[in-house]
Amino acid sequence: MFKKFFRNLQKKKLIKKEFEYLFDEEPKNEYVCLDCETTGLNPKKDEILSIGAVIIKENKVLMRKTFNIYVKPSDKISIKSILIHRIRPIDLENAIDPEEAIYELLEFIGSRVIVGYYIKFDIAIISRYTKKYIGIKLPNSSIEVSSMYYKTKKRRSDYEFVDLKFDTIMKELDIPLLGKHDALNDAIMTSMIFLKLKGLPAAQSTFYT
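Residues numbered from 1 in each chain as written. Predicted model: local features only at pLDDT ≥ 70, side-chain atom pairs only at ≥ 80, totals over all residues. Heavy atoms only, no water.

**Describing the environment of Pro 139**
For step 1, the next point in the chain: Note on placement: Pro 139 falls in the loop between helix H4 (119-134) and strand S5 (142-144).
For step 2, the next point in the chain: When the C-alpha positions of Pro 139 and Ile 123 are compared, they lie 9.3 Å apart, and in sequence the two are 16 residues distant.
For step 3, the next point in the chain: Once you skip the residues sitting within four places of it in the chain, Pro 139 turns out to touch Arg 7, Gln 10, Leu 22 and Phe 23. (Helix = DSSP H or I, 4+ residues; strand = E, 2+ residues; numbered from the N terminus. Contact = heavy atoms within 4.5 Å.)

**Points about the side chain of Asn 140**
For step 1, the next point in the chain: Its location among the elements puts Asn 140 in the loop between H4 and S5.
For step 2, the next point in the chain: Within the structure, Asn 140 has its side chain in polar contact with the backbone oxygen of Gly 110 (distance 3.0 Å).
For step 3, the next point in the chain: For Asn 140, the side chain forms a polar contact with the main-chain oxygen of Arg 112, separated by 2.9 Å. (Polar contact = N/O pair within 3.5 Å; in protein donor to acceptor, adjacent residues only side chain to side chain.)

**Describing the packing of helix H5 (residues 145-152) against helix H7 (residues 183-198)**
For step 1, the next point in the chain: Contact geometry of H5 with H7 gives a least axis separation of 10 Å together with a crossing angle of 35 degrees. For H5 against H7, the interelement crossing comes out left-handed. Listed contacts from H7 to Val 145, Met 148, Tyr 149 and Thr 152 of H5 are Thr 190, Ile 193, Phe 194, Leu 197 and Lys 198.
For step 2, the next point in the chain: Looking at the contact of H5 with H7 residue by residue, the classes come out as 6 nonpolar, 2 polar and 1 charged. (Axes fitted to C-alpha atoms, helices over the stretch in contact; angles between N-to-C directions. Left-handed = near helix turned anticlockwise from the far one by under 90°. Nonpolar A, V, L, I, M, F, W, Y, C, P; charged D, E, K, R; others polar.)

This is how it looks when you write it as structure tokens:
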């Protein structure tokens, strides 16, 4: 009930009506798995440098339909930032303006549920841009793969530690590692985690956020 009320409130705040499709009914058995490479880990001030995404439909990753773009930052990226995400100034030579990038991303996502690893961060930073350009935060539901994985681990108590690092999850699920610090590769690997966990009964209790 509250979710429906919030979505209706969001829809009223939309300043560009051509994006009303974001509030359409979620297509069944379809998801978008996405990942952002950013200048830092503060969604309130850091910027998106690249976005990678894939569509999952009927338990298959649609590799013929992927999303992979570089986004122009407002200033030069620091050496410290380059060491983290491995994106160099030369990689950004053909990057597109943030507004255009966000519009293209929204068209790719549509009203699908968004899947990701620590996806709240990605949604928070994308929402900062969507708030600026279309007046609202990203309204899509989301699924967190680390929460799905957590639910599959048998624990002797609620206080037992569960390693939720990306590499650990990949290794535990026997999923091959692709090149890291690449938004599209990260999205593809995360989609494989999602599909593998989706088949495990304990992960079925994962709820939408």
